[in-house]
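Take a look at the letters that make up each chain.
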Amino acid sequence: MSHNSPPRAEGRDRALHKAFRTACQRYLAARRDHRFADRGMWLKLAFLTLGCALCYLLCLSRSDLSGYALCYFGFIFFAMMLVVNVLHDASHNAFCRTAAANAWLGRVISLPLGLDADSWQVRHVQFHHPYTNIQGYDPDIDENGVLCQTPFQRWKPVMRFQHLYWPLVAALTFPWYAWWMDWRDRLGNTPFTCHLPRQGAGGAGLFLLLKGAHFLLALGVPALCMAGQIPFITLLCVYLASQMLVSALFVSLLIGTHWAKGHFYPAPEKNAVSQSPYHHAFATTFDWGAKPRLLGYWLGGLNLHLTHHLFPDWSHRHFSALSAIIGDVAREHGLTYQILSVRDLLRLQRRHLKRMGVKPEKNRRR
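Residues numbered from 1 in each chain as written. Predicted model: local features only at pLDDT ≥ 70, side-chain atom pairs only at ≥ 80, totals over all residues. Heavy atoms only, no water.

J.: What should I look at first to understand the overall build of the protein chain in this one?
T.: Along the protein chain, the regular secondary structure elements total 15 helices and 4 strands. Projecting the C-alpha coordinates of the protein chain onto the three principal axes gives extents of approximately 65 × 55 × 45 Å. Here the protein chain holds 366 residues, and 51% of them are scored as buried. Considering only contacts in the protein chain between residues 6 or more positions apart, those separated by 24 or more positions represent 73%. Considering the protein chain, the positive charge centre built from 39 side chains and the negative charge centre built from 21 side chains are found 4 Å apart. (Helix = DSSP H or I, 4+ residues; strand = E, 2+ residues; numbered from the N terminus. Buried < 20%, exposed > 50% of the residue type's maximum accessible area, 1.4 Å probe, protein only. Contact = heavy atoms within 4.5 Å. Lys, Arg positive; Asp, Glu negative; His and termini not counted. Charge placed at Lys NZ, Arg CZ, Asp CG, Glu CD.)

Here it is in structure tokens:
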């Protein structure tokens, strides 16, 4: 299945669309507000940037391995928090008011982790969001040979244990994308290449510049500062371990809500999705409750993931209010809206992976 011709929704639920639009307009009017980042979000950006820079400078001043590794992990952790709280919104044009400003903000924010913000925007915004859990179109469930995520993927005996080893797969996701998939996207080896915003020599040059800047920042400068104190191979191990730890955290938060729902779809016939975007979001995504509530603020609203899928171009600062709006509208239109506990979310994730890990003739029975 080619990603070049994405399927279309056969119809839009006009009643739901009108109900959500009316409720949101009233909400913004009552607050005299807008859907983009406010001063508080910019202060959060500044705080996380300061934490990232401070940890980076501290790691460069340490000569002992334990101190260096701890400070370096802090640097990467704050970088991941910037991705969660800023890049995620910016990729949906929900942070700044212009697409160009969001694009450049995303490119700068992604430098410490080495991810290509343009590739992320194409995969996440243009394909994952409209085609969540649809085989052949949602890149988050692309067949990878190590996890069987849907009833439509090939099964291997080792997948009986995928509910145990999947955190390792999540941990390898950031390095995998930074050093393999981003390059394949840019070199024209994936269906996403033609959707990248900058094509040709200009796009390739910017891509190489940003990847080079990441290498210099994440490994080059530390290698120069630590010369004669910590071997480069050790620095490389600290780099990979830090990337893997934050990757495991980010990926488990982002993809877990779709696994927990457990509804997956084959590539649509006649290139048309039968459900409206609203009903499809309710069928494939959960919200889950973060305790204490302040945790949800620092998670960039990732816990309110159905809310994000219904309102992707809104700053996450609105998600709590939007969640309440979703609950009201869902009741009026006969839709089930529930907020899971973390325990229930993890339990449903594990149940889904165990079910998909059983031999095909058994796990295909719904």
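Moving on, there is more to tell.
J.: Would you explain the nonpolar core in this entry?
T.: The tendency in soluble globular proteins is for nonpolar side chains to be buried as a group. Core analysis: the biggest nonpolar cluster contains 63 residues, and Tyr72, Phe95, Leu113 and Phe250 have the highest contact counts within it. When neighbours within four sequence positions are excluded, Phe95 is seen to be in contact with Phe36, Ala37, Met41, Trp42, Leu45, Asn85, Val86, Asp89, Ala90, Asn102 and Leu105. Listed in part, the 22 residues of the second largest apolar core include Ala19, Tyr278, Leu304 and Leu306. (Core = buried A, V, L, I, M, F, W, Y, C linked by side-chain atoms within 4.5 Å.)

J.: Help me understand a nonpolar patch on the surface, please; the structure alone is not making it clear to me.
T.: A surface patch of nonpolar side chains, amounting to about 290 Å² of accessible area, comprises Val158, Phe161 and Leu164. Position of Phe161 among the secondary structure elements: in the loop between helix 5 (117–128) and helix 6 (162–171). (Patch = residues over 30% accessible without salt bridge, like charges linked within 9 Å, V, L, I, M, F, W, Y side chains within 5 Å. Areas by Shrake-Rupley, 256 points an atom, 1.4 Å probe, with all protein chains shown as cover. Salt bridge = Lys/Arg side-chain N within 4 Å of Asp/Glu carboxyl O.)

J.: Sorry, what's going on with unusual backbone geometry here?
T.: Leave glycine aside and you will find that most residues have negative phi; peptide bonds, for their part, are mostly trans. In this chain, Lys291 is followed by Pro292 through a cis amide linkage whose omega measures -5°. On the secondary structure map, Pro292 appears in the loop between strand 3 (287–288) and helix 11 (293–298). The backbone of Arg32 shows a phi angle near 50°, a positive value even though the residue is not glycine. Here Arg32 shows up in the loop between helix 1 (14–31) and helix 2 (39–60). Of the residues examined, Arg32 reaches a relative accessible area of 81% and is grouped as exposed. A positive phi angle, close to 65°, is found at Asn133, a residue other than glycine. Examined against the element boundaries, Asn133 turns out to sit in the loop between helix 5 and helix 6.

J.: Looking at this structure, how should I read the packing of aromatic side chains?
T.: Between two aromatic rings, the relevant description is the distance of the centres plus the angle of the planes. Scanning the entire structure with this criterion turns up 20 aromatic pairs. Between Phe127 and Phe192 the ring centres are 5.2 Å apart and the planes differ by 80°, which places this aromatic pair in the edge-to-face class. Linking Phe127 in helix 5 with Phe192 in the loop between helix 7 (173–187) and helix 8 (200–225), this pair joins segments that are 65 residues apart in sequence. For the residue pair Phe127 and Phe192, the accessibility class agrees, reading buried in each case. Ring geometry for Tyr297 against Trp298: centres 5.0 Å apart, planes inclined by 85°, an arrangement best described as edge-to-face. Connected via pairs of aromatic rings, a cluster forms that spans Phe20, Tyr27, Tyr278, Phe311 and Trp314. One residue, Lys44, lies across the ring of Trp298, its end atom 5.5 Å from the ring centre. (Phe/Tyr/Trp six-rings, centres within 6.5 Å; stacked < 30°, edge-to-face > 60°. Lys NZ or Arg CZ within 6 Å of the ring centre and 35° of its normal.)

J.: Is there a simple way to think about the pattern of salt bridges in this case?
T.: Tallying each qualifying case throughout the model produces 10 salt bridges. A salt bridge links Arg347 to Asp344, with the nearest nitrogen and oxygen atoms 3.5 Å apart. Here Arg347 pairs with Asp344, and both are found in helix 14 (residues 342–356), just 3 residues apart, close to one helical turn. For Asp344, a relative accessible area of 28% corresponds to the partly exposed category. Look at the salt bridges and you will find they share partners, linking Arg31, Asp33, Asp38 and Arg317 into a network.

J.: Looking at this model, I keep getting lost on helix 14. Mind explaining?
T.: Residue pairs three or four apart in sequence face the same way in an α-helix, which turns once every 3.6 residues. Over its 15 residues, helix 14 extends 21 Å from the first C-alpha to the last, a length consistent with the 21 Å expected when each residue adds 1.5 Å. Those residues of helix 14 lying buried are Leu345, Leu348, Gln349, His352, Leu353 and Met356. Projected onto a plane normal to the axis of helix 14, the buried residues spread over an arc of 130° and lie on a single side. Counted as exposed and oriented over 90 degrees from the buried face of helix 14: Arg343 and Arg351. (Expected span 1.5 Å × (residues − 1). Arc of directions from axis to C-beta.)

J.: Help me out: how do you make sense of the UniProt feature "transmembrane region" (unreviewed entry) in the protein chain in this one?
T.: In the numbering used here, UniProt assigns the feature "transmembrane region" (unreviewed entry) to residues 41–59, 65–87, 164–181, 201–225 and 232–255. Between the end C-alpha atoms of residues 164–181 the distance is 25 Å, and the span holds 94% helix and 0% strand. Counted over residues 232–255, helix gives 100% and strand 0%. Its end C-alpha atoms are 34 Å apart. (UniProt positions renumbered as here; feature names shortened; annotations may be inferred.)

J.: Mind showing me how you'd approach the side chain of Thr257 here?
T.: Residue placement: Thr257 occurs in helix 9 (residues 232–261). Discounting chain neighbours no more than four positions away, the residues touching Thr257 are Thr284, Thr285, Phe286, Trp288, His305, Leu345 and Gln349.

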